[in-house]
Amino acid sequence: MVPALRALIDFRPLNLLTPRYDVGGPFEALFCRNVMIYFDKPTQRAILSRLVPHLAEDGLLYTGHSENYLHAADLIQPCGRTLYRRAKGTRA
Ligand SMILES: C[S@@+](CC[C@H](N)C(=O)[O-])C[C@H]1O[C@@H](n2cnc3c(N)ncnc32)[C@H](O)[C@@H]1O
């Protein structure tokens, strides 16, 4: 990565299994591709309930081709092959 781009990015580790995500936001885009494949559906749902509040109202969650969150449609709604938006009524 070129230094000019690197200087704009805040690199921090985040364990998705921790109860709170101290990452700020809301963000226009969240990239979480081929990560949720490691977790069962209840764990995915718990992670999404912590992740979604960090997504802007019109923000996009980018996922992998083998992931789907139809089981969490009250939290996140598909809007493309691997794209999701916050479900209406979810709180920031
Ligand atoms: C298959 S790789 C995908 C990497 C990248 N997102 C991509 O699409 O190329 C899975 C990633 O999930 C991450 N991961 C696994 N468990 C995690 C957790 N509890 N919290 C955060 N990341 C986790 C791993 O560190 C690894 O980088």
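All values reported here derive from a predicted model rather than from experimental measurement. For every chain, the first residue of the written sequence is number 1, and numbering continues from 1 onward in sequence order. For a predicted model such as this one, the threshold for reporting local features is a pLDDT of at least 70, and the threshold for listing and counting side-chain atom pairs is 80 or more; totals across whole chains, interfaces and linings nevertheless cover every residue. Here the side-chain values reflect all heavy atoms present in the structure, with hydrogen atoms and water set aside.

**Q** Sorry, what's going on with the sheet that holds strand β3 (residues 76-78) here?
**A** Whether parallel or antiparallel, the strands of a sheet pair through hydrogen bonds between backbone atoms. Here four strands make up an open sheet; going across it, the order is β1-β2-β4-β3 and the pairing mixed. Pairing within the sheet leaves two strands with one partner each, and these edge strands are β1 (27-31) and β3. With direction set aside, neighbouring strand axes in the sheet form an average angle of 25°. Sheet analysis places β3 next to strand β4 (residues 83-86), joined by three bridges and oriented antiparallel. For Gln77, the partnering residue across the bridge sits in β4 and is Arg85. A pair of strands is considered paired only if DSSP assigns at least 2 bridges between the two. Under the scheme used here, helices are H or I runs from DSSP no shorter than 4 residues and strands are E runs no shorter than 2 residues, and both carry numbers assigned from the N terminus. Lines fitted to the C-alpha atoms define the axes, with helices restricted to the stretch that makes contact. Angles between their N-to-C directions range from 0 to 180 degrees.

**Q** Got a minute to help me understand the packing of aromatic side chains in this structure?
**A** Any two aromatic rings considered together are summarised by their centre-to-centre distance and by the angle between their planes. By convention, a stacked pair of Phe, Tyr or Trp rings (six-membered ring in the case of Trp) has centres within 6.5 Å and planes under 30 degrees apart, an edge-to-face pair has planes over 60 apart, and any other such pair is tilted. On inspection of all chains with the given rule, the structure shows two aromatic pairs. The interplanar angle of 55° and the centroid separation of 5.3 Å between the aromatic rings of Tyr69 and Tyr84 together place this pair among those described as tilted. One end of the pair, Tyr69, is in the loop between β2 (55-62) and β3; the other, Tyr84, is in strand β4, with 15 residues separating them in the sequence. Grouping residues by exposure puts Tyr69 and Tyr84 together as buried. In this structure, Arg6 packs its charged tip against the face of Phe11, placed 5.0 Å from the ring centre. Accessibility here uses a 1.4 Å probe with only protein chains present; expressed as a share of the type maximum, an area under 20% marks a residue as buried, one over 50% as exposed, and anything in between as partly exposed. Any Lys NZ or Arg CZ found within 6 Å of a ring centre and within 35 degrees of that ring's normal is scored as a charge over the ring.

**Q** When you look at a nonpolar patch on the surface in this model, what are you seeing that I'm missing?
**A** Side chains of Met1, Val2, Leu5, Leu8, Ile9 and Phe11 sit close together on the surface and give an oily, nonpolar patch of about 650 Å² of accessible area. Inspection of the secondary structure assignment puts Met1 in the segment before α1 (3-6). Residues qualify for a patch when their relative accessible area is over 30% and they have no salt bridge, like charges being joined within 9 Å and the nonpolar side chains of Val, Leu, Ile, Met, Phe, Trp and Tyr within 5 Å. For every accessible area listed, the method is Shrake-Rupley and the probe measures 1.4 Å; residues are considered covered only by the protein chains on display. Each reported salt bridge corresponds to a side-chain nitrogen of Lys or Arg within 4 Å of a carboxyl oxygen of Asp or Glu.

**Q** Is there a simple way to think about helix α2 (residues 41-51) in this case?
**A** Given 3.6 residues to a turn, an α-helix orients residues that are three or four positions apart in the same direction. Within α2, burial applies to Gln44, Ile47, Leu48 and Leu51. Buried residues in α2, looked at end-on, bunch into an arc of 100°, giving them a common side. Tucked inside the fold, the buried residues of α2 contact β1, β2 and β3. It is the directions from the helix axis to the C-beta atoms whose arc is reported. It only takes one pair of heavy atoms within 4.5 Å for two residues to be counted as in contact.

**Q** When you look at the pairing of β1 in this model, what are you seeing that I'm missing?
**A** Each regular strand displays side chains that alternate between the two surfaces of the sheet. For β1 and β2, the ladder comprises four bridges, and the chain directions are parallel. By the bridge assignment for β2, Ala29 is matched with Leu60. Between the parallel elements β1 and β2, the chain passes through α2 in a crossover that is right-handed. If you view a crossover with the strands going away from you and the path from the first strand over the helix to the second runs clockwise, you call it right-handed.

**Q** Just checking my understanding: could you explain the nonpolar core for this structure?
**A** Looking at soluble globular proteins, one finds that nonpolar side chains tend to be buried together. The set of buried Ala, Val, Leu, Ile, Met, Phe, Trp, Tyr and Cys residues whose side-chain atoms join them within 4.5 Å is what this entry labels a nonpolar core. Counting 16 residues, the largest nonpolar core has Leu48, Leu61, Tyr69 and Ile76 as its most contacted members. At the level of secondary structure, the elements contributing two or more residues to this core comprise α2 and β2. A per-element tally of this core places α2 first, with three residues. The contact partners of Tyr69, leaving out residues within four places of it in the chain, are Met36, Gln44, Leu48, Leu61, Thr63, Ile76 and Tyr84.

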